[in-house]
Amino acid sequence: MTDVVLDPEAVPAPQTWLEEVCDALHMKRKVLAAVTPSIVDLVHHVAESPGDQDDAPLTAFLIGFAAAKDGDFSAEAVQSRVNIVARVLENHK
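Predicted model only: the values in this text are computed from it and were never measured.

So, how was this worked out
Residues numbered from 1 in each chain as written. Predicted model: local features only at pLDDT ≥ 70, side-chain atom pairs only at ≥ 80, totals over all residues. Heavy atoms only, no water. Helix = DSSP H or I, 4+ residues; strand = E, 2+ residues; numbered from the N terminus. Expected span 1.5 Å × (residues − 1). Bend = angle between axes of the 7 residues up to and from the residue. Buried < 20%, exposed > 50% of the residue type's maximum accessible area, 1.4 Å probe, protein only. Contact = heavy atoms within 4.5 Å. Patch = residues over 30% accessible without salt bridge, like charges linked within 9 Å, V, L, I, M, F, W, Y side chains within 5 Å. Areas by Shrake-Rupley, 256 points an atom, 1.4 Å probe, with all protein chains shown as cover. Salt bridge = Lys/Arg side-chain N within 4 Å of Asp/Glu carboxyl O. Polar contact = N/O pair within 3.5 Å; in protein donor to acceptor, adjacent residues only side chain to side chain. 1 Å grid on protein atoms, 1.4 Å probe; cavity = no way out; pocket = protein on both sides within 12 Å on 5 of 7 lines; lining within 4 Å. Points joined across faces, edges and corners; volume = space filled by probe spheres on them. Nonpolar A, V, L, I, M, F, W, Y, C, P; charged D, E, K, R; others polar.

1. Some thoughts on helix H2 (residues 29–48)
Here H2 contains 20 residues, and its C-alpha end-to-end distance of 28 Å stays within 8% of the 28 Å for a straight helix at 1.5 Å per residue. The sharpest bend along H2 reaches about 45 degrees and sits at Val35, with the proline Pro37 one to four residues further on. Among the residues of H2, Arg29, Val31, Val35, Ser38, Ile39, Leu42 and Val46 are the ones counted as buried. Elements that come into contact with the buried residues of H2 comprise helix H1 (17–24), helix H3 (55–70) and helix H4 (75–92).

2. A closer look at a nonpolar patch on the surface
A cluster of nonpolar side chains, namely Leu58, Phe61, Leu62 and Phe65, defines an oily patch on the protein surface of about 440 Å² accessible area. Mapping Phe65 onto the fold places it in helix H3.

3. Points about the side chain of Thr59
Relative to the helices and strands, Thr59 is located in helix H3. If sequence neighbours within four positions are ignored, Thr59 has contacts with Leu42, Val46 and Val85.

4. Side note on the environment of Asn83
Note that Asn83 resides in helix H4. Taking the C-alpha atoms as reference, Asn83 lies 9.6 Å from Ile39; in sequence the two are 44 residues apart. Side-chain polar atoms of Asn83 contact the side chain of Gln79, separated by 2.9 Å.

5. Let's talk about the layout of surface pockets
Taken as a whole, the largest pocket spans an internal volume of roughly 780 Å³. Lining the largest pocket are 26 residues, with Cys22, Met27, Leu32, Val35 and Gly64 positioned closest to its centre. Elements that contribute at least two residues to the lining of the largest pocket include exactly H1, H2 and H3. Considering only enclosed or pocket space, the second largest pocket measures out at about 250 Å³ in volume. If you go around the second largest pocket, the residues you meet are Val46, Ser49, Pro50, Gly51, Asp52, Asp55, Thr59, Leu62, Val85, Val88, Leu89 and His92. Among the secondary structure elements, those contributing two or more residues to the lining of the second largest pocket are H3 and H4. Per-element tally for the lining of the second largest pocket: the top contributor is H4, with four residues. Looking at side-chain class alone, the lining of the second largest pocket contains six nonpolar, four polar and two charged residues.

What follows is the structure, encoded as structure tokens:
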């Protein structure tokens with residue numbers, strides 16, 4: 001679910017590129033903050049694995065795409081998808 005802000009002054013100005021993107025896409029910044037470390041770690045591991053370098057950012061996209069498909073954008077749901085992909089990556093080695 002997206003944030004609905006009636007008063008733009010109620011949300012502090014974005015301080016980072018990702019906060020700006022969250023605002024543009026009407027997504028909750030706190031979910032981004034909660035899942036960023038695990039997604040960054042997963043993308044790093046995918047990038048170090050044999051294969052196409054484009055696989056790393058596209059892996060992060062697929063996690064987000066799966067959240068959109070299922071309609072669950074909570075930090076817990078995104079983390080669950082990260083865990084699934086991490087297990088796939090571990091089995092891929």
